Amino acid sequence: MSKTVATRPYDDQKPGTSGLRKRVPHFQQPNYAANFIQSIFAAARVEPGSTLVIGGDGRFFNREVIGLAIRMAAANGYGRIVVGRNGILSTPAASNLIRKRGASGGIILSASHNPGGPNGDFGIKYNVSNGGPAPEKVTEAIFRHTRTISEYRIVEDAAPDLSVLGETRLGDATVEIVDPVSDYAALMEELFDFAKLRDLVASGFRLRFDAMHAVTGPYAHEILEKRLGAPAGTVINGEPKEDFGGGHPDPNAVYAAELISEMMGPAAPDFGAASDGDGDRNLIVGRGIVVSPSDSLAVLAANAHLAPAYAKGIAGIARSMPTSGAADRVAEKLKVGIYETPTGWKFFGNLLDAGKVTICGEESAGTGSDHVREKDGLWAVLLWLNILAVRRESVSEIMAAHWREYGRTFYQRHDYEEIDKAAADGLMESLRQRLASMAGQRFGTLVVSEADDFSYKDPVDGSISTGQGVRIVFSGGSRIVFRLSGTGTQGATLRVYIERFEPDPARHGDAPADALAELVRTADVIGEIKARTGREEPDVVT
Ligand code: G6P
Ligand code: ZN
């Protein structure tokens with residue numbers, strides 16, 4: 001039996017770069033999660049009897065909201081509700097299940113790389129039938145519904161036990177609890193040459209994977225240790241915890257410091273990697289070298305043909321606007337299309353569906369391909385391993401060869417976290433007002449050649465997204481981008497993205513901090529960062 005429950009709207013349920021993210025106590029307000037889930041169903045307008053996938057990264061509050069979402073889906077006309085055992089599904093595994101099961105969509109409970117726990121972050125996002133994040137027209141419809149919602153529907157019965165595989169009836173729907181790993185692992189076996197990977201591992205190649213106490217633990221244990229034969233202990237922090245062991249499940253130099261210091265040390269394994277809270281990001285580290293995400297995208301695109309799934313070549317590459325131009329030079333050489341989109345994986349969906357691109361990536365540690373419609377952390381690790389297994393060179397040798405062939409783009413992102421929202425808006429507004437007069441201005445040796453506020457017209461559906469970040473390009477191609485994060489939950493986060501192209505191989509070994517020093521100083525002059533935010537230094541440099 002289902003019932004209708006009266007509710008009142010909240011005014012702050014606008015989805016950001018990747019769904020609705022707030023602190024857990026905020027989500028625990030009466031009907032807060034139920035309102036948003038009902039608004040998803042209202043905006044999704046699916047055919048009665050459709051399939052819905054539900055899963056999450058296992059963070060605190062996951063179980064409650066999964067139970068709620070199952071009971072609400074059963075009352076809103078879904079015929080089949082597919083749920084990962086114990087509510088676990090990594091974001092790419094959820095994307096795969098949506099596609100494989102012909103589902104009309106999926107609800108993923110995660111705040112990605114943000115910390116979890118009773119006072120940590122929580123999030124709900126909706127993915128559509130292609131397996132990818134809902135496009136803006138859907139997230140806008142969800143938001144509109146949250147503003148006027150007056151009731152939601154839910155079945156009175158309890159949700160089934162999430163730990164037991166198999167089917168149960170709930171209201172008019174069937175709830176199916178599935179193993180979260182098996183379909184995903186099968187897909188990886190189709191894409192990559194597991195026999196070659198097993199040979200690589202058996203030859204004594206040593207790898208380390210840090211699951212950061214987050215969702216990829218079970219996936220990495222199964223794939224890297226069981227199927228590829230890497231010794232037990234290869235996967236560290238492999239048990240998902242509700243609070244990620246108190247850590248910050250963001251695979252970057254700050255939060256994956258343990259892995260990085262091992263990889264820089266004398267007994268470093270050959271290859272290190274980490275993934276984030278929900279398993280869609282990746283960090284790639286070789287012995288003595290951290291590979292920047294923009295470089296990783298370029299190397300993966302240039303070498304993808306070495307893996308069976310991409311042996312016929314790739315159709316094109318897409319990168320988010322703040323991601324460096326390294327991939328552009330690969331696309332040029334391969335004579336394939338290159339697309340520059342706003343930040344957010346959802347912008348790649350149409351390009352992938354239309355077959356215009358095969359590989360996509362973002363500076364924010366995300367890379368993926370047309371195998372699903374999300375970025376995919378373990379996929380990137382396996383593609384790297386497949387390339388290493390064929391080339392039998394070290395990560396640093398591969399990077400050095402890549403830079404010799406294509407030139408090197410030095411890159412850094414400076415994040416100023418939890419700054420005052422008004423100060424952040426003021427900084428961006430001031431930049432926008434000065435854009436028209438910027439071209440031709442000189443800062444030290446740098447001369448501005450172009451300055452704009454990035455807007456994007458989707459080449460497939462013609463939709464337009466404006467205000468996606470201020471770009472300041474200097475003659476010679478160096479670039480500074482200013483943008484406010486769309487995924488923070490507290491105050492505002494200013495991101496400053498800095499890059500410089502260096503064709504001269506003699507300078508490829510320079511430290512990025514040195515190569516970019518003048519641009520970093522210029523970013524402060526143009527952005528008035530210190531003066532407006534009161535911060536002397538960024539909180540995180542990636
Ligand atoms: C999420 C999205 C990515 C995006 C990233 C950074 O991880 O899935 O597509 O690049 O957030 O977003 P932000 O708005 O915080 O820079
Ligand atoms: Zn993530």
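First, a word on what this report is: a plain description of the structure on this page. Note that the coordinates shown come from a computational prediction; the quantities given were computed from them, not determined experimentally.

Calculation criteria
Residues numbered from 1 in each chain as written. Chains lettered and ligands numbered in written order. Predicted model: local features only at pLDDT ≥ 70, side-chain atom pairs only at ≥ 80, totals over all residues. Buried ≥ 20, exposed ≤ 12 C-beta atoms within 10 Å, placed from the backbone. Helix = DSSP H or I, 4+ residues; strand = E, 2+ residues; numbered from the N terminus. Pairing = 2+ DSSP bridges. Axes fitted to C-alpha atoms, helices over the stretch in contact; angles between N-to-C directions. Parallel < 35°, antiparallel > 145°, perpendicular 65-115°, else oblique. Left-handed = near helix turned anticlockwise from the far one by under 90°. Contact = placed C-beta atoms within 7 Å. Nonpolar A, V, L, I, M, F, W, Y, C, P; charged D, E, K, R; others polar. Near = placed C-beta within 6 Å.

### A look at the pairing of strand E19 (residues 408-419)
- Taking burial as the measure, the twelve residues of E19 include nine buried ones, the bulk of the element.
- Relative to strand E27 (residues 540-541), E19 runs antiparallel, the two being bridged by two bridges. Among the inter-strand pairings, Asp415 is bridged to a residue of E27, identified as Val540.

### Some words on the packing of helix H2 (residues 32-44) against helix H5 (residues 136-148)
- The geometry of H2 relative to H5 is characterised by a closest axis approach of 8 Å and an angle of 125° between their N-to-C directions. One element, H2, and the other, H5, form an angle in the oblique class. By crossing handedness, the relation of H2 to H5 is classed as right-handed. Contact residues: H2 offers Asn35, Phe36, Ser39, Ile40, Ala42 and Ala43, while H5 offers Val138, Ala141, Ile142, His145 and Thr146.
- Taken together, the residues that form the contact of H2 with H5 break down as seven nonpolar, four polar and no charged.

### Notes on the site of ligand 1
- With respect to spatial proximity, 14 residues lie near ligand 1, and among them Thr17, Ser364, Ser485, Gly486 and Thr487 are the closest.
- Across the shell around ligand 1, the residue classes break down as one nonpolar, eleven polar and two charged.

### A closer look at the environment of Tyr339
- Locating Tyr339 in the fold gives a position in strand E16 (residues 337-341).
- Sequence separation between Tyr339 and Pro459 is 120 residues; the distance between their C-alpha atoms is 9.4 Å.

### Considering the environment of Arg153
- Note on placement: Arg153 falls in strand E7 (residues 151-155).
- The spacing of Arg153 and Thr522 is 369 residues in sequence and 55 Å in space, taken between C-alpha atoms.

### Things to note about unusual backbone geometry
- Even without being a glycine, Lys335 presents a positive backbone phi close to 55°.
- Within the secondary structure, Lys335 is located in the loop between helix H11 (326-334) and E16.
- Positioned with a positive phi, Glu528 is a non-glycine residue whose angle comes to about 50°.
- With respect to the helices, strands and loops of the structure, Glu528 is situated in the loop between helix H17 (517-527) and helix H18 (529-533).
- Among the residues examined, Glu528 registers 13 C-beta atoms within 10 Å and is labelled partly exposed.

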